[in-house]
Amino acid sequence: MILDSYEAYRATGFRPKVCILGSGPAGTTIARKLGAAGIPVVVLEAGSREFSDESQDFYRGTTVGDFYFDLDITRLRYMGGSSNHWAGWCRVLDKQDFEPKSWAPDTGWPIRRADIEPYLPEVHDILELPDFRPDMPISDDIRWVQLIKSPAVRFGEKYADELDRSKNIAVVLNTYATELAGDGKRVTSARLWSNGQDAGTFSADYFIVCTGGLENSRLLLWSNQRSNGGVVPNAAALGRYWMEHPTFEGGNAILANYSEFEVDAVNEAFFSPTMAAMERLQIMNFGIRLIETPYAGVKRLIADLACTAPDAAEWAAYQLSQNLRCAAQLYVAWEQAPLASNQIELSKTDVDHAGVPRIELHWKKSELERRTLVEGLKLFGTTLIERDLGRVRLMDWIANGEAYPTNEETAGHHHMGGTRMGTDVTRSVVDANCKVHGMDNLYVGGSSVFCTSGQANPTTTITALACRLGDHLSKVVAV
Amino acid sequence: MSFFHRMSRRTLVRAMIALPALSLARKLPDANATDTGLPQADPNEIVEVNGWILKRSDLA
Ligand SMILES: Cc1cc2nc3c(=O)[nH]c(=O)nc-3n(C[C@H](O)[C@H](O)[C@H](O)COP(=O)(O)OP(=O)(O)OC[C@H]3O[C@@H](n4cnc5c(N)ncnc54)[C@H](O)[C@@H]3O)c2cc1C
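Calculation criteria
- Residues numbered from 1 in each chain as written.
- Chains lettered and ligands numbered in written order.
- Predicted model: local features only at pLDDT ≥ 70, side-chain atom pairs only at ≥ 80, totals over all residues.
- Heavy atoms only, no water.
- Near = heavy atom within 4 Å.
- Polar contact = N/O pair within 3.5 Å; in protein donor to acceptor, adjacent residues only side chain to side chain.
- Areas by Shrake-Rupley, 256 points an atom, 1.4 Å probe, with all protein chains shown as cover.
- Helix = DSSP H or I, 4+ residues; strand = E, 2+ residues; numbered from the N terminus.
- Nonpolar A, V, L, I, M, F, W, Y, C, P; charged D, E, K, R; others polar.
- Domains from an automatic or database assignment.
- Contact = heavy atoms within 4.5 Å.
- Buried area = accessible area lost by both parts, 1.4 Å probe.
- Salt bridge = Lys/Arg side-chain N within 4 Å of Asp/Glu carboxyl O.
- Buried < 20%, exposed > 50% of the residue type's maximum accessible area, 1.4 Å probe, protein only.
- Axes fitted to C-alpha atoms, helices over the stretch in contact; angles between N-to-C directions.
- Parallel < 35°, antiparallel > 145°, perpendicular 65-115°, else oblique.
- Left-handed = near helix turned anticlockwise from the far one by under 90°.
- Pairing = 2+ DSSP bridges.
- Expected span 1.5 Å × (residues − 1).

Undergrad: Looking at this structure, how should I read the site of the ligand?
TA: All names here are of chain A. Lining the immediate environment of the ligand, one finds 35 residues, of which Glu-45, Ser-82, His-85, Trp-89 and Thr-459 sit closest. Backbone polar atom of Ala-46 to a nitrogen atom of the ligand: 3.1 Å apart, as the coordinates give it. Considered on its own, the ligand offers 1000 Å² of accessible surface; in the complex 94% of this is hidden by protein. Breaking the shell around the ligand down by element, the ones donating at least two residues are α2 (25-36), β10 (175-182) and α13 (459-478). The leading source of residues in the shell around the ligand is β10, at 3 residues. Here the shell around the ligand is composed, by residue class, of 15 nonpolar, 17 polar and 3 charged.

Okay, structure coming up:
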């Protein structure tokens with residue numbers, strides 16, 4: 001059932017075992033798994049069925065460090081969460097993303113990709129994906145990888161009827177969990193704010209926080225502060241190791257045979273480094289996305305090349321005369337090194353309407369990442385030369401070592417880390433089963449548990465992890 | 001066939017018009033680098049010039 005207020009929910013007398021906070025891709029997927037296993041579950045969703053400025057206002061916050069999006073723009077606070085405006089690009093993190101890297105501290109997951117692979121068939125159904133084709137190495141250094149542009153499932157729309165009909169799932173809208181209370185072993189209750197006022201407390205056997213990759217940290221930091229450490233007893237890493245996928249136009253390429261890379265339906269192809277290349281160059285993962293350059297842009301590019309390398313320009317002009325599609329803009333999105341200093345803090349001065357401190361996000365790109373961008377583009381350029389496939393030109397600001405531009409794509413709206421998974425309680429918040437260290441009944445869903453970000457957009461992996469957590473909890477709760 | 005024959009005159013003129021004037025003054029390295037007293041440069045060596053990732057022989 002779906003109810004529009006906490007008051008309406010209370011009147012139903014529904015008795016859930018599990019309480020999920022948030023109805024985005026993570027929360028909805030876990031709820032469906034538990035519901036299907038016959039476990040009564042309530043999903044408390046802060047927003048309503050539609051976007052509203054009033055609800056978005058709870059997401060305002062500030063950023064310290066590098067330029068970043070306004071925090072109430074980079075996510076959506078209503079049923080279905082940010083799936084209401086995601087672009088639908090899908091790919092699971094690479095096998096190598098789960099492995100520790102000696103040149104980048106705090107990398108490596110306590111699980112392997114093989115641990116989520118059994119859930120991929122379900123993920124394909126949920127996100128309406130065709131099968132991925134395997135990565136294809138084009139050299140020892142570069143893989144031609146696939147990102148699928150999916151129909152961008154809006155979870156609130158796709159599953160509204162199913163959730164409404166479900167006997168085991170109650171979705172309660174306009175119900176904001178402002179804090180959890182805990183005794184250092186268990187969460188004892190959640191304090192609620194519904195339709196503009198305090199709505200008292202709520203108890204369940206299990207709580208799963210799925211409020212998004214920024215809000216998960218905010219809710220747990222605030223809850224922990226209010227409970228004197230009773231919600232996240234090992235809080236050294238809470239809010240820390242936050243990551244994004246910085247994304248910038250990195251340059252251009254002239255290609256001998258554009259169609260060789262059977263570009264997908266939207267005429268784009270993607271390239272990433274091999275683990276051997278990452279290790280040799282001591283860089284992080286990255287994805288170079290080829291977007292076809294219009295004819296006028298190709299001519300300018302060839303003219304520019306003619307000033308530097310007449311022979312190569314001659315070759316490029318020949319490509320143009322043979323095939324109008326012969327150049328691409330190169331967009332680079334890369335993996336951020338997990339740094340404890342990139343973190344979500346609670347504002348000391350600014351609170352939302354319910355009195356919860358807003359987020360102060362500290363975010364800076366590191367030297368290692370700059371090297372990843374520069375060396376990654378050079379590696380791609382070298383591979384094109386060696387394979388006789390084309391030539392690459394770096395953007396001036398990259399070639400000249402200038403600051404990042406502030407008028408570009410900037411990042412992917414991918415909010416990762418803050419409650420990362422691990423075995424060391426000083427460097428992680430949840431264990432391999434997404435259970436908060438030291439707590440018996442508190443779990444976290446979503447990309448805040450990511451230890452590293454890889455280069456792939458996160459929602460495919462979020463959904464796989466949610467299926468895995470749903471399965472795990474079905475067994476735990478049934479006992 | 002030379003560069004000029006492969007590219008139509010019209011395309012070439014248009015491409016040159018699109019050139020930012022400044023890039024005419026850009027650094028043009030020596031493709032062969034033979035007069036330096038150093039051994040003959042490897043034509044397959046990867047070089048970065050004006051932001052382009054090229055092989056030395058491209059500079060000829
Ligand atoms: C413009 C844009 C484009 C994107 N494109 C892509 C893409 O192409 N590919 C990709 O993989 N990812 C993409 N993403 C990211 C993707 O949207 C997120 O990864 C995904 O939505 C995260 O799912 P989630 O369930 O963890 O969190 P969310 O989707 O953020 O859902 C969290 C839910 O919790 C609710 N909530 C918050 N606080 C509380 C509270 N205290 N109590 C109760 N409820 C609460 C919110 O209202 C929301 O419904 C994009 C994001 C944006 C903004």
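Undergrad: Sorry if this is basic, but what is going on with the domain arrangement of chain A here?
TA: Many authors give the size of an interface as the accessible area that is lost as the parts come together. All names here are of chain A. Domain annotation of chain A identifies domain 1 (2-131 + 151-242 + 340-363 + 415-478) and domain 2 (246-334 + 366-403). Tallying the contact residues gives 13 residues for domain 1 and 21 residues for domain 2. Here domain 1 and domain 2 share an interface that buries about 1200 Å² over both sides, 66% of which is from carbon and sulfur atoms. Of all residues in domain 1, Trp-89, Trp-103 and Gln-455 bury the most surface against domain 2, accounting for 57% of the area lost on that side. Inspection of the domain 1/domain 2 interface yields 0 salt bridges. The tally of links from domain 1 across to domain 2 stands at 6 residue pairs in polar contact (both at pLDDT 80 or more). Grouping the amino acids of the side of domain 1 that touches domain 2 by side-chain chemistry returns 5 nonpolar, 4 polar and 4 charged.

Undergrad: What is the right way to read the environment of Ala-190 of chain A from this model?
TA: Residue and element names in this part refer to chain A. Inspection of the secondary structure puts Ala-190 in strand β11 (residues 187-194). Take Ala-190: its relative accessible area is 0%, and that puts it in the buried class. Separated by 150 residues in the primary sequence, Ala-190 and Ala-340 place their C-alpha atoms 28 Å from one another. What Ala-190 contacts, discounting residues up to four positions off in sequence, is Glu-179, Leu-180, Gly-200, Thr-201, Phe-202 and Phe-207.

Undergrad: How do you make sense of the environment of Arg-240 of chain A when you look at a structure like this?
TA: All names here are of chain A. Here Arg-240 lies in strand β14 (residues 240-243). Considering only alpha carbons, one finds Arg-240 and Leu-281, 41 residues apart in sequence, at a separation of 26 Å. Once residues within four sequence positions are removed from consideration, Arg-240 is found in contact with Ala-340, Ser-341, Asn-342, Gln-343, Gly-417 and Gly-418.

Undergrad: So what exactly am I meant to see when it comes to the packing of helix α9 (residues 295-308) of chain A against helix α10 (residues 310-322) of chain A here?
TA: The geometry of a pair of packed helices is captured by two quantities: the angle between their axes and the separation between those axes. Residues and elements named next belong to chain A. One can describe the packing of α9 onto α10 by two numbers: an axis separation of 7 Å at closest approach and a directional angle of 160 degrees. The orientation of α9 relative to α10 falls into the category roughly antiparallel. By crossing handedness, the relation of α9 to α10 is classed as left-handed. Across the interface between the two elements, Tyr-295, Val-298, Lys-299, Ile-302, Leu-305, Ala-306 and Thr-308 from α9 touch Pro-310, Ala-312, Ala-313, Ala-316, Ala-317 and Leu-320 from α10. In terms of residue class, the contact of α9 with α10 is made up of 11 nonpolar, 1 polar and 1 charged.

Undergrad: Got a minute to help me understand the side chain of Thr-274 of chain A in this structure?
TA: Residues and elements named next belong to chain A. Along the chain, Thr-274 turns up in the loop between β16 (268-273) and α8 (275-281). Exposure remark for Thr-274: the relative accessible area of 12% places this residue in the buried category. Within polar-contact distance, the side chain of Thr-274 engages the backbone oxygen of Asp-140 at 2.8 Å. Beyond its immediate sequence surroundings of up to four residues, Thr-274 is in contact with Gln-96, Ser-139, Asp-140, Asp-141, Ile-142 and Arg-143.

Undergrad: Would you mind showing me how to read the sheet that holds strand β3 (residues 41-44) of chain A here?
TA: Neighbouring strands of a sheet are bound in pairs by backbone hydrogen bonds; such pairs are parallel or else antiparallel. Residue and element names in this part refer to chain A. On the basis of which strands lie adjacent, the open sheet formed by 6 strands has the order β1-β9-β3-β2-β13-β24 and parallel pairing. Two strands close off the open sheet at either side, each with one partner strand: β1 (2-3) and β24 (442-444). Where strand β13 (residues 206-209) lies against β24, 3 bridges are found, and the strand directions are parallel. Pairing of Phe-207 across the sheet is with Leu-442, part of β24. Lying on the sheet, α13 is in contact with β2 (18-21), β13 and β24; it crosses β24 at an angle near 165 degrees.

Undergrad: What am I meant to see in unusual backbone geometry here?
TA: Note: most residues except glycine have negative phi, and most peptide bonds are trans. Within the chain, Asn-174 of chain A stands out as a residue other than glycine whose phi angle is a positive 55 degrees. Here Asn-174 of chain A lies in the loop between β9 (169-172) and β10. Assessed through its relative accessible area of 19%, Asn-174 of chain A is described here as buried. Although it is not a glycine, Asn-50 of chain B sits at a positive phi angle of roughly 50 degrees. Tracing the chain through its elements places Asn-50 of chain B in the loop between β1 (46-49) and β2 (52-55).

Undergrad: It is not clear to me how α10 of chain A should be interpreted in this structure. Could you clarify?
TA: Because each turn of an α-helix spans 3.6 residues, side chains separated by three or four positions end up pointing in the same direction. End to end, α10 of chain A covers 18 Å across 13 residues, agreeing with the expected 18 Å (1.5 Å per residue, within 8%). Within the span of α10 of chain A, buried status applies to Ala-312, Ala-313, Glu-314, Ala-316, Ala-317, Gln-319 and Leu-320 of chain A.

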